[in-house]
Amino acid sequence: MILLDGKALAAKVKEEVRAQAALLPRKPGLAVILVGNDPASRVYVTSKRKDCEACGIYSEEYALLESTTQEELLELVAELNGRPDLDGILVQLPPARHLDESAVLEAIAPEKDVDGFHPVSAGNLLIGRPGFLPCTPAGVMAMLDEYGIDSAGKRAVVVGRSNIVGKPMALLLLRRDATVTLCHSKTPELGELCRQADILVSAAGRRGLITGDMVKEGAAVVDVAMNRDEAGKLCGDVVFAEAAARAAWITPVPGGVGPMTRAMLMKNTLLAAQNRQKAH
């Protein structure tokens, strides 16, 4: 069994970004907006700032009060859209409950959508045009590539149908010629479908959902979820020890997909800067 080391690969990707960013006439710029004081979101935002520093990317952080109105947030996004020194804009999700997430994401200029969540980015992914890919699914594909796991002609099962991970993950695997089944909370006989998977990606956010008997012998198992067990320790959807006994490749949690998500954000920010500086 081979452990898919996202931490090591993320360091490699970030080093490549740093080297390419240094060649640009101006540093790539990223603005990160955080509304409210959710502790997990604060940790993510701090990590992203450190990633920017490591990659030679200029970053600005906007920590807004929980009481920030939709109008105020949209005004800030419009202002950042017009800033020539900022190539990417990221709104940390989920925003405060009273805010319309879709309207906020749609307000970001498509050429600055480094999270890959804008309808233009989603449409480009669907029809196979180049564009910003959502960071987590892009990170998973980079891991499969790094470890020589070819999805062409393979059966892939994705558990979870979110716009952020599940749906784009299925599309990226399909783009690489896998035969893809997308499962969710209403899927009957989930275990039976998972057992057919050469590549199994779980992003349901349910601890212990994928047990060892649901894993095909020799499969690649990618656990995208970030849950906590009774002791407060980070874990995924997959019962790791059981799945590892059957899988040929498996991601740990933490240290698997998480670092790759952040590395792909840096890669998207570099791409945005390259596109903008080419256009001007």
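Residues numbered from 1 in each chain as written. Predicted model: local features only at pLDDT ≥ 70, side-chain atom pairs only at ≥ 80, totals over all residues. Heavy atoms only, no water.

Undergrad: Looking at this model, I keep getting lost on the nonpolar core. Mind explaining?
TA: Buried together is how nonpolar side chains tend to be arranged in soluble globular proteins. Grouped together as the largest cluster of nonpolar side chains are 49 residues, with contacts concentrated most on Leu 30 and Leu 173. Residues within four places of Leu 173 in sequence aside, it is in contact with Met 141, Leu 144, Ser 151, Ala 156, Val 158, Ala 178, Val 180 and Val 201. Among the nonpolar cores identified, the runner-up in size contains 18 residues, and Val 238, Ala 243, Ala 244 and Ile 250 belong to it. (Core = buried A, V, L, I, M, F, W, Y, C linked by side-chain atoms within 4.5 Å. Buried < 20%, exposed > 50% of the residue type's maximum accessible area, 1.4 Å probe, protein only. Contact = heavy atoms within 4.5 Å.)

Undergrad: What am I meant to see in the packing of helix H1 (residues 6-21) against helix H10 (residues 257-279) here?
TA: Where H1 contacts H10, the axes come no closer than 8 Å and their chain directions differ by 15 degrees. Classified by the angle their axes make, H1 and H10 are roughly parallel. Regarding H1 and H10, the two cross each other, and that crossing is left-handed. Across the interface between the two elements, Gly 6, Lys 7, Leu 9, Ala 10, Val 13, Lys 14, Val 17, Gln 20 and Ala 21 of H1 pack against Pro 259, Met 260, Arg 262, Ala 263, Met 266, Lys 267, Leu 270 and Gln 274 of H10. Residue composition of the contact of H1 with H10, by class: 10 nonpolar, 3 polar and 4 charged. (Axes fitted to C-alpha atoms, helices over the stretch in contact; angles between N-to-C directions. Helix = DSSP H or I, 4+ residues; strand = E, 2+ residues; numbered from the N terminus. Parallel < 35°, antiparallel > 145°, perpendicular 65-115°, else oblique. Left-handed = near helix turned anticlockwise from the far one by under 90°. Nonpolar A, V, L, I, M, F, W, Y, C, P; charged D, E, K, R; others polar.)

Undergrad: Sorry, what's going on with unusual backbone geometry here?
TA: Trans is the prevailing form of peptide bonds, just as negative phi is the prevailing case for residues other than glycine. Note the cis peptide between Leu 93 and Pro 94, where omega equals -10 degrees. With respect to the element layout, Pro 94 can be found in the loop between strand E4 (88-91) and helix H4 (101-107). Notably, Asp 177 is not glycine yet its phi reads approximately 70 degrees, a positive angle. Mapped onto the fold, Asp 177 is located in the loop between helix H7 (166-175) and strand E6 (179-183). Since its relative accessible area comes to 54%, Asp 177 is described here as exposed. The phi dihedral of Glu 189 falls on the positive side, at around 50 degrees, and the residue is not glycine. Mapped onto the secondary structure, Glu 189 falls in the loop between E6 and helix H8 (190-194).

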